[in-house]
Amino acid sequence: MTSLAEILDLSRYLQRLTSARPGLLEEIAPRLNRPVTAQELAGWFSTAPGAAVLTEDTLKPTLRRFKQWAFARIATRDLSGRASLAEVTEAMTAIAEEAVARALAVLTGAQEARYGAPTGAESGARQELLVLGMGKLGGRELNVSSDIDLIFVYAEDGETRAERAGQRSISNFEFFTRLGRSLINAIAEATADGQVFRVDMRLRPNGDSGPLVCSFDMLENYFIAQGREWERYAWIKARLLGAIDRGQAVQDELEKVRRPFVFRKYLDYGAFNAMRSLHAQIRREVAKKDMADNVKLGPGGIREIEFIAQVFQLIRGGREWALQIRPTLSVLNLLEERGILARDVVSELVGAYDFLRRVEHRLQYLDDAQTHSLPTSPEDGLRIAKSMGYASYEAFLVELDDHRANVSRHFETVFADPTQGEHALAAVWSSAGQEGQDESFARLGYRAPAAAAQRMSAMRASPRYQQMSEDIRGRFDALAPRLIEAAAACANPDETLARAMDLLESISRRAAYLALLQQYPQALEKLVQLLSSSSWAASYLQRHPILLDELLDPSLLDDLSDWTSFRTELTARLEQLEPDTERQMDVLREVHHIQVFRLLTQDIAGLLTVEKLADHLSELADILLDAAIDRAWKKLLRRHIERPKFAVISYGKLGGKELGYASDLDLVFLYEDEAADAAELYARLGMRMTTWLSAQTPAGQLFDTDMRLRPNGDSGLISSSIAAFRQYQFEAAWPWEHQALTRARFSAGDKQVGAAFERIRCEVLCMPRDLVKLRDDVLAMREKMIAAHATPAGERATVFDLKHDPGGLVDVEFMVQYLVLGYANRHPELTRNLGNIALLKMAAELGLIPLDQAEDVRNAYRDYRRLQHGLRLNDARPRVAPASVQQRIDAVRRLWRTVFAG
């Protein structure tokens, strides 16, 4: 459809407009094939007669001529099929912004001439009226006959500075109230030339009953004291108009007020119920007013697509800043990228949004009316169909109904309440503790039904439950019977139910977590399976309930081997948060907890060997150490280079890449820097590092660190130079410190410093040693450890400690350390930090120990680690019956006698 006559037939408003302004069609016709741009719209004021210099008197008629020209420009392109939806909505947004900016500039100047410039009482800085675009204007999605939703704010109270004769000083509040009224009048008043836009101010604090303008302080106080849930939804799209011209400091200050109100720091699954309630209100109004044919508010309409996008923004936006964007389509695409919505779902929603918005525009082109309802006359129905590219209205309706059905289906999937209706076991929960309830738990398969019933009864009688708000208790009551049922299906129902109720009780003050489990039955099912498998997982979730959100991720069990991408993304995220130290520390902890939890679920699912799990946990720790160095260094006010010549050396579990879920980190900090104040700088960096790693923040702790292996232990410097470290190792280190060095490695920081450490390490390990003295030193240290940590001799017939008892893990580690220290001077390859299993094989191949004995001990070491890991998953001490591992004990003791013979 290309001819102007055909276009005009689709819009009565365009017909009236071009009849009233005969030259308008001739003016826009040559531009029909050129997209409308913001530059072209702004340029109109330079070329249109009398528009270059605006005054109070010429403002209204000029703005109305501008709107009519711009409307005709975009309408003809759209109705001819030449403009995309993005071009139309962006052009309409630009028209509104241009009109507001021009009017604000003229009216501000005129008012300042009367009263002087408004000035902040504290800062003394000139103040200005800040106009916030809300709704579709804020999201740059304005429709072609839209109201514009505005809010007027200003940064600071004070008064105007009257500096000339005739000027009268007034408060900033009064100044901006007058200015706001003038601005509304200039834009919205219906004159002989029409109006520019209808202006809606009802989204301001307290709506129509509230003041027209408010300061930042007033706005913040309102959000804290009175802000309602639906206002969070409205403020997602709030945008400062003309923000490019504003100072960054003003924008940042405004965002500090808006962002915490809209986006919670935690995952806010309570938004589901809030959005459900808001949608229910809208649907009641639609039904009451018979608005089923409303493409915006009716079933499967535009609003439902917006709700789907925005509920996930409200839930996750406080933690995932990328979701704090405004345009609906951009949000949907991001939700697909992040795996929150499936590709086919987003594809259907995006297709429906494009279709419905174009229908909305064609309905409004008819008479320039703010309507969203399908036409009642056959003639207008045919006009709409033709403008959408259909030969008949019926064919158009088939496509429309298909899109709306898709939207409704996805909306119901997202917002359906899975706990609606009473659960079959609701009575078991509500009457727990009453006579006969023991039998209910027995029928469900609980082995200690009386104890289970008593646990439920105690929970219901507890002060925490009794003091719950009505909303939280409702969620709790909906979840409890589902947990009883899910736990009953586990192999250990009693333990599972106890862990589940402990977790539910611990998170009960956070409605968002209850809402998550209520909204997603599949998450509840995964949770119960996890709790059944591991008491350590249960306690970990109690400490970090935010991890419940991970249960929703379909990629939870996917391979986590791409640590390079993880490192890159973490660096970018921390950089984005600069200079917010507190948030950066929280993010380090949060990503650590998330990755540990993902590994835990894969571990419990049987997807990881103990060795592979330890590799992943060690790699994760290395990455976080590197990130902590980078951030801690940037916080030093005085630093002479961009990257510090500083390295973290790990010992023990991390050094040997055998890290477990709750392992401490044994660390040493080294540097090699010729700067005059290097010792002071790196001491400061070392102290900051311990804070970054060990401090408790709202997100918990990153790692427990142990620095006692540094030169001179607790009395030594927090950071040592490479030269001092070398000197200590050769002149003052104890034999056990050289033992520890066999399981030390460079983990993070400057690679050259790490290489220097490795050279020293190899040099120390390759020193010629008296094997008899070395044997005596190692055996003496082993006896001390047995005395301090092993099972008392009288109990060893019934209990075997996998780690500390003779024949256990420590024996294997001591044998390997002895072999490395004793023979590395002849076989330097033994200095490679390959882990105990690989080093035992290497020692056997070098002829230092019998091959068959080495293989037996390698298998014993693997079994011990697997058993130890399984016990720790259920918070059990690493102790077993000796008979169950006697073959492994004998193998270790046999090799022990071989290694230390004589």
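Look a little higher up for the structure.
Criteria and thresholds
- Residues numbered from 1 in each chain as written.
- Predicted model: local features only at pLDDT ≥ 70, side-chain atom pairs only at ≥ 80, totals over all residues.
- Heavy atoms only, no water.
- Helix = DSSP H or I, 4+ residues; strand = E, 2+ residues; numbered from the N terminus.
- Buried < 20%, exposed > 50% of the residue type's maximum accessible area, 1.4 Å probe, protein only.
- Contact = heavy atoms within 4.5 Å.
- Areas by Shrake-Rupley, 256 points an atom, 1.4 Å probe, with all protein chains shown as cover.
- Lys, Arg positive; Asp, Glu negative; His and termini not counted.
- Charge placed at Lys NZ, Arg CZ, Asp CG, Glu CD.
- Disulfide = S-S within 2.5 Å.
- Salt bridge = Lys/Arg side-chain N within 4 Å of Asp/Glu carboxyl O.
- Pairing = 2+ DSSP bridges.
- Patch = residues over 30% accessible without salt bridge, like charges linked within 9 Å, V, L, I, M, F, W, Y side chains within 5 Å.
- Axes fitted to C-alpha atoms, helices over the stretch in contact; angles between N-to-C directions.
- Parallel < 35°, antiparallel > 145°, perpendicular 65-115°, else oblique.
- Left-handed = near helix turned anticlockwise from the far one by under 90°.
- Nonpolar A, V, L, I, M, F, W, Y, C, P; charged D, E, K, R; others polar.
- Core = buried A, V, L, I, M, F, W, Y, C linked by side-chain atoms within 4.5 Å.
- Arc of directions from axis to C-beta.
- Phe/Tyr/Trp six-rings, centres within 6.5 Å; stacked < 30°, edge-to-face > 60°.
- Lys NZ or Arg CZ within 6 Å of the ring centre and 35° of its normal.

Chemist: Quick question: what am I supposed to make of the overall build of the protein chain here?
Modeler: Check the secondary structure of the protein chain and you find 39 helices and 14 strands. Each principal axis of the C-alpha distribution contributes one length, and for the protein chain these read about 115 × 80 × 55 Å. Scored against the burial criterion, the 902 residues of the protein chain give a buried share of 55%. Excluding contacts between residues fewer than 6 apart, the proportion of contacts in the protein chain whose partners are at least 24 apart in sequence is 73%. Of the roughly 38200 Å² that the protein chain leaves accessible, carbon and sulfur atoms contribute 51%. For the protein chain, the distance from the average site of its 113 positive side-chain charges to the average site of its 125 negative ones is 1 Å.

Chemist: In this structure, what is going on with the state of the cysteines? I would like to understand it.
Modeler: Such a bond, covalent and formed between the sulfur atoms of two cysteines, is termed a disulfide. The tally for this structure, following the rule as stated, stands at zero disulfides. Of all cysteine sulfurs, the one in Cys766 lies closest to Cys762, which takes part in no disulfide; the gap is 6.1 Å. Of the residues examined, Cys762 reaches a relative accessible area of 21% and is grouped as partly exposed.

Chemist: Help me understand the pattern of salt bridges in this model?
Modeler: Pairing between side chains of opposite charge can happen when the charged atoms of each approach one another. Under the criterion given, the structure shown has 61 salt bridges. Close ionic contact of Arg865 with Glu658 constitutes a salt bridge, the shortest N to O distance being 3.9 Å. Placement of the pair is Arg865 in helix α38 (residues 851–872) and Glu658 in the loop between α30 (652–655) and β9 (665–671), with a sequence separation of 207 residues. Pair check on accessibility: Arg865 and Glu658 agree, each one buried. In this structure, a network of salt bridges that share partners links the residues Glu575, Glu578, Asp630, Arg631, Lys634, Lys635 and Arg643.

Chemist: Which parts of the structure should I look at to understand the pairing of strand β12 (residues 745–749)?
Modeler: Consecutive side chains along a regular strand alternate between the two faces of the sheet. Within β12, four of the five residues are buried, leaving the element largely enclosed by the surrounding structure. One ladder, built from four bridges, connects strand β8 (residues 646–651) with β12; its direction is antiparallel. When the bridges of β12 are listed, Val648 appears paired with Ala748.

Chemist: Help me understand a negative patch on the surface in this model?
Modeler: A cluster of acidic residues, Glu122, Asp157, Asp217, Glu220 and Glu253, forms a negative patch on the protein surface. Examined against the element boundaries, Glu122 turns out to sit in the loop between β1 (117–120) and β2 (130–133).

Chemist: Looking at this model, I keep getting lost on the packing of helix α36 (residues 809–823) against α38. Mind explaining?
Modeler: Think of two packed helices as two axes; the pair is described by the angle between the axes and how far apart they sit. Viewed as axis vectors pointing N to C, α36 and α38 meet at an angle of 135°, and their least axial separation amounts to 10 Å. Taken together, α36 and α38 sit at an angle that is classed as oblique. Along this stretch, α36 crosses α38, giving a crossing that reads as left-handed. Between α36 and α38, the contacting residues are Leu809, Val812, Glu813 and Met815 on the first element and Val857, Tyr861, Tyr864, Arg865 and Gln868 on the second. The residue inventory of the contact of α36 with α38, partitioned by class, reads six nonpolar, one polar and two charged.

Chemist: I would appreciate a short explanation of the nonpolar core in the present structure.
Modeler: The nonpolar side chains of soluble globular proteins are, as a tendency, buried together. Ranked by internal contacts, the top residues of the largest apolar core, which has 157 residues, are Trp235, Phe396, Leu570 and Met689. Among the elements that take part in this core, helix α29 (residues 610–634) stands out by supplying twelve residues, more than any other. The contacts of Trp235, once residues within four sequence positions are left out, are Leu132, Met134, Ile151, Leu203, Leu219, Phe223, Arg258, Phe261 and Val262.

Chemist: Whenever I open this one, the environment of Pro711 confuses me. Can you help?
Modeler: Within the fold, Pro711 resides in the loop between β10 (705–706) and β11 (719–721). Placed 17 residues apart in sequence, Pro711 and Tyr728 show a C-alpha to C-alpha distance of 6.5 Å. Each residue touching Pro711, except ones within four places of it in the same chain, is listed here: Val668, Gly716, Leu717, Ser720, Phe725 and Tyr728.

Chemist: Could you clarify how one ought to interpret helix α2 (residues 12–20) in this entry?
Modeler: Those residues of α2 that sit buried are Tyr13, Leu14, Leu17 and Thr18. Angularly, the buried residues of α2 cover 125° about the axis, an arc narrow enough to put them on a single face. α2 presents Ser19 and Ala20 as exposed residues on the side facing more than 90 degrees away from its buried surface. Looking at the buried positions of α2, the neighbouring elements they touch are α1 (4–9), α3 (24–28), α5 (56–79) and α15 (343–367).

Chemist: Even after reading the chapter, I still don't get unusual backbone geometry, so can you show me in this structure?
Modeler: Among all residues save glycine, negative phi is the norm, and among peptide bonds the norm is trans. The linkage connecting Glu578 with the following residue, Pro579, adopts the cis geometry, with an omega of 5°. Inspection of the secondary structure puts Pro579 in the loop between α27 (563–576) and α28 (581–604). Phi at Lys657 takes a positive value of approximately 50°, unusual for a residue other than glycine. If you trace the backbone, Lys657 turns up in the loop between α30 and β9. Not every positive phi belongs to a glycine, and Asn712 is a case in point at roughly 70°. Residue position: Asn712 is located in the loop between β10 and β11. Take Asn712: its relative accessible area is 48%, and that puts it in the partly exposed class.

Chemist: Quick question: what am I supposed to make of the packing of aromatic side chains here?
Modeler: Each aromatic ring pair is summarised here by two numbers: the centre-to-centre distance and the angle between the ring planes. Under the criterion given, the structure shown has 30 aromatic pairs. Aromatic pair Tyr13 and Phe71: ring centres 5.1 Å apart, planes at 90°, arrangement edge-to-face. Taken together, the residues Tyr13 in helix α2 and Phe71 in helix α5 connect sequence positions 58 residues apart. Both residues of the pair, Tyr13 and Phe71, count as buried. Pairwise contacts between aromatic rings join Trp633, Phe646, Phe669, Tyr671 and Tyr682 into one cluster. One Lys or Arg, Arg473, reaches over the ring of Tyr465 and ends 5.2 Å from the middle of that ring. Taking the ring centre of Phe814 as reference, the NZ or CZ of Arg782 above it sits at 6.0 Å.

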